[in-house]
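# Structural characterization, general
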Amino acid sequence: MILKTIVIGVIGADVHAVGNKIIEYTLVNSGYNVVNIGVLSSQEDFINAAIETDADLIMVSSLYGHGEIDCRGMREKCIESGIEDILLYVGGNIVVGKQDFDEVKERFNEMGFNRVYPPGTSIDEALEDIKEDLGE
Ligand code: B12
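Residues numbered from 1 in each chain as written. Predicted model: local features only at pLDDT ≥ 70, side-chain atom pairs only at ≥ 80, totals over all residues. Heavy atoms only, no water.

## With respect to the coordination of the cobalt atom of the ligand
The cut-off we apply is this: For Na, K and Ca the donor cut-off is 3.2 Å, and for all other metals it is 2.8 Å, counting N, O and S atoms only; because water is absent from this set, sites may look incomplete. Runs of E in the DSSP output that reach at least two residues are strands. Runs of H or I that reach at least four are helices, and both are numbered from the N terminus.
Exactly one protein atom donates to the cobalt atom of the ligand; that atom is H16 (NE2), 2.2 Å from the metal. Locating H16 in the fold gives a position in the loop between strand 1 (5–10) and helix 1 (18–29).

Next up, the structure:
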C-alpha cells in the first residue's frame, strides 16, 4: 500500500515545538508518511518539501498569533509552484487573542485553506477530515 504523505511544520518566526512533535507522532501512528520541517518554517519551506516528496497535504501550525500574516499568499505560491490542488490545513492559535472564530475561518478559507481549526483542536479531532479529504 502506498502511504499518503503529509508535510507538517510551524510557520513563520514561531518556535513553539511541542505540538509539532505530537502531530508527527499521531500522524505516523495513524499510518501516514510524515515530512516534518519543524519550527521557523517559511511558506517556501513547506511548498518545497511538498514538491520534493509529492505530498498530498500541507498541515501548517501557527501558535504565536501571527498566523494570518504568515499564511497570506500561500495558496498563490502553491499555484505558482505547480501544486495548485494540494490540500492546505491550518491550526494552532492562528490569530492573536480571542476573535470570533467564524470570521477567522472565513478569512483563512478565502486565503485558500481547505480546513481551518480553532484553538484547542487536537490533531486527533482532525483525523476524520484527513481521511475524508484524502479519499481513504
Ligand atoms: C511553552 C510555550 C512557549 C515556549 C515555547 C518553547 C518551545 N520551543 O516549544 C516559549 C517560552 C519559547 C514561548 C514563547 C512565546 N509565546 Co508561547 N506558549 C507556550 C505555551 C505555555 C505552551 C505551548 C505548548 O507547548 N503547548 C502544548 C502543545 C501540545 O499544544 P499546542 O502547541 O497548542 O499544539 C497542539 C494544538 O494546538 C494542535 N495543533 C497545532 N497545530 C495544528 C495544526 C492543525 C491543522 C491542527 C488540526 C491542530 C494543530 O495540535 C497540537 C498537538 O496537540 C502556550 C500556552 C498554552 N497553554 O498553549 C503559550 C502560547 C502559545 N504562547 C504565546 C505567546 C504570545 C508567545 C510569545 C509571542 C510571547 C512573547 N511575547 O515573547 C513567544 C513567541 C516566541 C516565538 N517566536 O515563537 C501565546 C499565543 C497567543 C495567541 N496566539 O493568541 C500562548 C497561547 C500563551 C497565551 N495564552 O498567551 N511560548
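Back to the write-up after that little detour.
## Some remarks on the pattern of salt bridges
Where we set the bar: The salt bridge definition used is simple: a Lys or Arg side-chain nitrogen within 4 Å of an Asp or Glu carboxyl oxygen. Residue burial is assigned from relative accessible area. The probe radius is 1.4 Å, only protein chains are included, and a residue is buried under 20% of its type maximum, exposed over 50%, and partly exposed in between.
Tallied over the full model, the rule gives 6 salt bridges. Between R72 and E68 there is a salt bridge; the shortest N-O distance is 3.2 Å. By relative accessible area, E68 is classed as buried at 15%. Note that R115 is salt-bridged to E132, the shortest N-O span being 3.9 Å. Here E132 lies in helix 6 (residues 123–133) and R115 lies in strand 5 (residues 115–116), a separation of 17 residues in the sequence. Residue classification places E132 among the exposed residues on the basis of a relative accessible area of 58%. Three or more residues joined by partner-sharing salt bridges are found here, namely R115, D129, E132 and D133.

## What to know about the sheet that holds strand 1
By definition, the strands of a sheet pair up through backbone hydrogen bonds, in either a parallel or an antiparallel sense. Applicable threshold: Two strands are said to pair when DSSP picks up at least two bridges between them. What makes two residues a contact is simply this: any of their non-hydrogen atoms within 4.5 Å. Angles here are taken between N-to-C directions and fall from 0 to 180 degrees, while the axes themselves are lines fitted to C-alpha atoms, restricted in helices to the stretch in contact.
Across the sheet, which stays open at both edges, the 5 strands sit in the order 2-1-3-4-5 with parallel pairing between neighbours. Each having just a single partner strand, strand 2 (33–36) and strand 5 make up the two edges of the open sheet. Relative to strand 2, strand 1 runs parallel, the two being bridged by 4 bridges. Note on strand 2: the bridge partner recorded for V7 is V35. Most of the contacts of helix 1 go to strand 1, to which it runs at about 170°, and overall it touches strand 1, strand 2 and strand 3 (57–62). Running at roughly 160° to strand 1, helix 2 (residues 43–53) makes contact with strand 1, strand 2 and strand 3 of the sheet.

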